[in-house]
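# Coordinate analysis (summary)
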Amino acid sequence: MLIKKPEDIKSSEITDKKLYLSRRLFIRGAVLAGSTVATGLVYRHFTSHGEEAQAGEKIADVQAAPPAIATLNESKTSYEDITHYNNFYEFSTDKQAVAQKAKNYITRPWTVSVEGLVNKPRVFDIDDLLKISPPEERVYRHRCVEAWSMVIPWVGFPLGKLLDQVQPMSQAKYVAFESLADPKQMPNVKSDILQWPYVEGLRLDEAMHPLTILASGLYDETLPPQNGAPLKLVVPWKYGFKGIKSIIRIKLVDDEPPTTWNIAGPREYGFYSNVNPNVDHPRWSQKTERRIGEFGRRDTLMFNGYADQVAQLYGGMDLKKYY
Ligand SMILES: Nc1nc2c(c(=O)[nH]1)N[C@H]1C(S)=C(S)[C@@H](COP(=O)(O)O)O[C@H]1N2
Ligand SMILES: [Mo]
C-alpha cells in the first residue's frame, strides 16, 4: 500500500496533491491501528472511574482516578453539519458561509512557534509537530456559548505532549495561543468586527490535562479549512470559542493572557469559559442546548459532562466570579 510512515514525509513534499491524499490515508490507518492498542486501557479506566461512575462511588475515589477518556453514548453529528455550521470569524460571521469562503485557504507550508518561558523554544514545521505523538480519535461533545452543541470525532493528540518537548520553566503559569491573521486569505481580517489575530489562553494545568488536545483531523480525515486547519485546540469542557483555530503561535507566560472574546465583551466572556448550566450568559441561557441534527433541547451538563475528570482543577474557586 502507498501509505507513508510519518518519518517518510518531508515538509518539502507536502503540497503535492498525491501525497496529501496519502496523508489522509495515513491518518485513517493510524487511528485504526492505534485504537486496537489503546481501547482496552481506555475502557478499563472508563468503566471503573469514568462518567458512568456508580452513584455510591466516593468523590475521593473519582478524583484520585487517572483522567478517563470517556467513550460517549451519543450519536456523532454528521460530517456535513460539522463542516457547514462553523464559527470562524476571519472568513465570515455567517456559519453556513464559512465552508465556501475558506475553500481555497492554503495551510501548507505552515509553522507553529512554541516559545516564551520554555527551555527549548522551537519553530515546528506542522508535519514535524504532527509526528510528536500518534494521532488518536477523540469523540468529544462540543458546546458553543450560543447554546447549540455537537458530538465531534476529532483526530489529534494531547497538547501536553507538545509542551513536554519544549520544557516549560517553573515560572510558566499560562499558555497563550494565536491564530493566523492573513488579510490576503481571510476577508474579515481587514474589518474590525474582532481584534486580530484571534487569541486564546489556558492555565498551564488546563493545558496539560489529558483531555486537552491539538486536533489535525476530523472523521479520520485531514481537518478541513473551515474547522481550523491545519491545527486547532480542543478543550471539551469549555465553550467552543476557546478552541482556537489555525494556530501559528503557542507561548508560555507567567500571567493570564488576553483572549479575543474577553476583549470584545468582558461582561459576556471571561477567561475560564467553562461550560456551566448555572451561570448564564447575558444573552443566552446556558441551562439547555440544541444538539445540531436533533429535535428538542438537551440539558447542558456541568463542565459539558466532563466534571469527573476536570472539576478538581477548580476546587475552591467561585465559578460565578471566574466565569
Ligand atoms: N481563529 C478562530 N478560532 C475560533 C473561532 C474564530 O472565529 N476564529 N470561533 C470559535 C467558536 S465561537 C467556536 S464555537 C468554534 C467552532 O469550531 P468548529 O467550526 O470546528 O465547530 O471555533 C472557535 N475558534
Ligand atoms: Mo462558539
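Looking only at helices and strands, the chain has nine helices and 12 strands in total. Here the chain holds 323 residues, and 52% of them are scored as buried. By sequence separation, contacts in the chain at least 24 residues apart represent 70% of the contacts at least 6 residues apart. As displayed, the chain has an accessible area near 15,400 Å², and 53% of this comes from carbon and sulfur atoms.

A few words now on the side chain of Thr107. Mapped onto the elements, Thr107 comes out in the loop between helix H4 (98-101) and strand S1 (111-116). In this structure Thr107 comes out as buried when scored by relative accessible area, which is 15%. Residue contacts for Thr107: discarding those within four places in its chain leaves Ala229 and Pro230.

Next up on the list: the packing of aromatic side chains. Scanning all chains against the criterion turns up 15 aromatic pairs. Aromatic pair Tyr272 and Tyr322: ring centres 6.1 Å apart, planes at 85 degrees, arrangement edge-to-face. Here Tyr272 is found in the loop between helix H8 (260-264) and strand S11 (288-291), whereas its partner Tyr322 is found in the segment after helix H9 (307-310), with 50 residues between them in sequence. For Tyr322, a relative accessible area of 37% puts it in the partly exposed group. Members of the aromatic cluster, each reached through a chain of ring pairs, are Tyr174, Phe271, Tyr272, Phe303, Tyr314 and Tyr322. Residue placement shows Lys242 over the ring face of Phe271; its charged tip is 4.5 Å from the ring centre.

Near ligand 1 there are 17 residues, and of these Asn86, Tyr89, Glu90, Gly243 and Lys245 occur at the shortest range. The side chain of Glu90 places a nitrogen or oxygen atom 2.8 Å from a nitrogen atom of ligand 1. Split by residue class, the shell around ligand 1 holds seven nonpolar, seven polar and three charged.

Below, the discussion takes up the pattern of salt bridges. Under the defined criterion, the tally for this structure stands at 16 salt bridges. For Asp205, the salt bridge identified is with Arg203, shortest N-O distance 2.8 Å. Classification of Asp205 as partly exposed rests on a relative accessible area of 35%. One salt-bridge network, held together by shared partners, links Glu74, Arg141, Arg143, Glu289 and Arg291.

Let us now look at the pairing of strand S6 (residues 199-203). Counting buried positions along S6 yields five of five residues, so the element is predominantly enclosed. Side chains of S6 alternate between two faces, with Val199, Gly201 and Arg203 and Glu200 and Leu202 buried alike. Pairing of strand S5 (residues 174-179) with S6, which is carried by five bridges, proceeds in the antiparallel orientation. Looking across to S6, one finds that Phe177 is bridged to Glu200.

Within the fold, Ser191 resides in the loop between S5 and S6. Distance in space between the C-alpha atoms of Ser191 and Glu90 is 9.1 Å, their sequence separation being 101 residues. A polar contact is formed between the side chain of Ser191 and the backbone nitrogen of Ile193, at a distance of 3.4 Å.

By size, the foremost hydrophobic cluster in this structure holds 74 residues, and its most contacted members are Leu159 and Ile250. Element by element, the count of residues in this core is highest for strand S4 (residues 148-158), at six residues. Those residues in contact with Ile250, other than ones at most four positions away along the chain, are Val112, Ser113, Val114, Glu115, Leu159, Leu162, Leu163, Val175, Ala176 and Phe177.

Turning next to the confidence of the model for the chain. Of the residues in the chain, 78% have a pLDDT of 70 or more, and the chain-wide mean is 85. Per-residue pLDDT stays below 50 along residues 32-67; that stretch engages in 34 contacts with residues further than four places along the chain or on separate chains.

In this section: unusual backbone geometry. With an omega dihedral of -10 degrees, the bond running from Arg108 to Pro109 counts as a cis peptide bond. Structurally, Pro109 is set in the loop between H4 and S1. At the junction of Trp196 and Pro197, the peptide bond is cis and its omega measures out at -5 degrees in the coordinates. The backbone phi angle of Phe303 is positive, close to 50 degrees, even though this residue is not glycine. By the secondary structure assignment, Phe303 is in the loop between strand S12 (298-299) and H9. Residue class for Phe303 comes out buried when judged on its relative accessible area of 4%.

Each value, and the rule that gives it
Residues numbered from 1 in each chain as written. Chains lettered and ligands numbered in written order. Predicted model: local features only at pLDDT ≥ 70, side-chain atom pairs only at ≥ 80, totals over all residues. Heavy atoms only, no water. Helix = DSSP H or I, 4+ residues; strand = E, 2+ residues; numbered from the N terminus. Buried < 20%, exposed > 50% of the residue type's maximum accessible area, 1.4 Å probe, protein only. Contact = heavy atoms within 4.5 Å. Areas by Shrake-Rupley, 256 points an atom, 1.4 Å probe, with all protein chains shown as cover. Phe/Tyr/Trp six-rings, centres within 6.5 Å; stacked < 30°, edge-to-face > 60°. Lys NZ or Arg CZ within 6 Å of the ring centre and 35° of its normal. Near = heavy atom within 4 Å. Polar contact = N/O pair within 3.5 Å; in protein donor to acceptor, adjacent residues only side chain to side chain. Nonpolar A, V, L, I, M, F, W, Y, C, P; charged D, E, K, R; others polar. Salt bridge = Lys/Arg side-chain N within 4 Å of Asp/Glu carboxyl O. Pairing = 2+ DSSP bridges. Core = buried A, V, L, I, M, F, W, Y, C linked by side-chain atoms within 4.5 Å. pLDDT = per-residue confidence, 0-100.

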